[in-house]
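# Secondary and tertiary structure notes
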Amino acid sequence: DGGITQSPKYLFRKEGQNVTLSCEQNLNHDAMYWYRQDPGQGLRLIYYSQIVNDFQKGDIAEGYSVSREKKESFPLTVTSAQKNPTAFYLCASGTGLLQETQYFGPGTRLLVL
Amino acid sequence: GQNIDQPTEMTATEGAIVQINCTYQTSGFNGLFWYQQHAGEAPTFLSYNVLDGLEEKGRFSSFLSRSKGYSYLLLKELQMKDSASYLCAVRDGSNYQLIWGAGTKLIIKP
């Protein structure tokens, strides 16, 4: 089955701790995205990557970091610098072409202990 | 500034028709998307409009007027499983990223 997987489904972070959220896709998509979803707000773009070994900051990149070493994988690290990390994190992928449609993984809910 | 407006919540009856509106003000336009999101789950793609007019796909239709900065999603023959949030997103004309509305929570009553 082709699709996007995210793990874990739930993640708990302690104060001062970095945590990494996994995102893998087997759709052969060039572009991958990380969004944050908070209640009552639209999805906000954290980082995106249109090609391996390259990525750009989105609207709310502070306190986050990413890597894109493989086409299939785009992990997101939530660092201790992110003071309000509690949210639902969604990974998406697309062809990277102008008319692309983005397809989403099941999401990771991050909670702070 | 860039802004997308949708009603926060709507209620409809099973078997009826409901129209969810979306208005947008963006620096450019390269298409409008509708997604469905059930609580705690990922958004799933419903429709894409880039030209004016109506796109029909089964029980769901989406309309776009670029001159008015307006779109709607029309859901017919409502079923209980249609209870979800519906997200409107516009592709920005400058950097081609998606700008998202806050979503409309649709509640279906028997």
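Fair warning: this is a prediction, and the values are worked out from it, not measured in the lab.

Contacts between the two partners involve 22 residues from chain A and, on the opposite side, 17 residues from chain B. Both sides together, the interface formed by chain A and chain B hides about 1,500 Å², and carbon and sulfur atoms give 53% of it. Between the two partners, chain A and chain B, sit zero salt bridges. One can count four residue pairs in polar contact (both at pLDDT 80 or more) joining chain A with chain B. Counting only elements with at least two residues in the side of chain A that touches chain B, the list comes to β4 (31-37), β5 (44-51), β9 (87-94) and β10 (103-104) of chain A. Top element by residues in the side of chain A that touches chain B is β4 of chain A. It accounts for three residues. Here the residues of the side of chain A that touches chain B sort into 11 nonpolar, eight polar and three charged.

What follows covers the state of the cysteines. Considering all chains together, one arrives at two disulfides over all chains under this definition. Put simply, C23 of chain A and C91 of chain A are joined by a disulfide, and their sulfur atoms are 1.9 Å apart. Since a negative S-S torsion denotes a left-handed disulfide, the C23 of chain A-C91 of chain A link at about -70° is left-handed. Highlighted residues: C23 of chain A in strand β3 (residues 19-25) and C91 of chain A in strand β9, separated in sequence by 68 residues. Per residue, the accessibility class of C23 of chain A equals that of C91 of chain A, and both read buried. Between C22 of chain B and C88 of chain B runs a disulfide, and the two sulfur atoms are separated by 2.0 Å. One disulfide, between C22 of chain B and C88 of chain B, carries an S-S torsion of -70° and so falls in the left-handed class. Within this pair, whereas C22 of chain B is found in strand β3 (residues 18-25), its partner C88 of chain B is found in strand β9 (residues 84-91), the two being separated by 66 residues in sequence. Exposure class is identical for C22 of chain B and C88 of chain B. Each is buried.

Criteria and thresholds
Residues numbered from 1 in each chain as written. Chains lettered and ligands numbered in written order. Predicted model: local features only at pLDDT ≥ 70, side-chain atom pairs only at ≥ 80, totals over all residues. Heavy atoms only, no water. Contact = heavy atoms within 4.5 Å. Buried area = accessible area lost by both parts, 1.4 Å probe. Salt bridge = Lys/Arg side-chain N within 4 Å of Asp/Glu carboxyl O. Polar contact = N/O pair within 3.5 Å; in protein donor to acceptor, adjacent residues only side chain to side chain. Helix = DSSP H or I, 4+ residues; strand = E, 2+ residues; numbered from the N terminus. Nonpolar A, V, L, I, M, F, W, Y, C, P; charged D, E, K, R; others polar. Disulfide = S-S within 2.5 Å. Buried < 20%, exposed > 50% of the residue type's maximum accessible area, 1.4 Å probe, protein only.

Taken by themselves, the reported measurements are silent on function.
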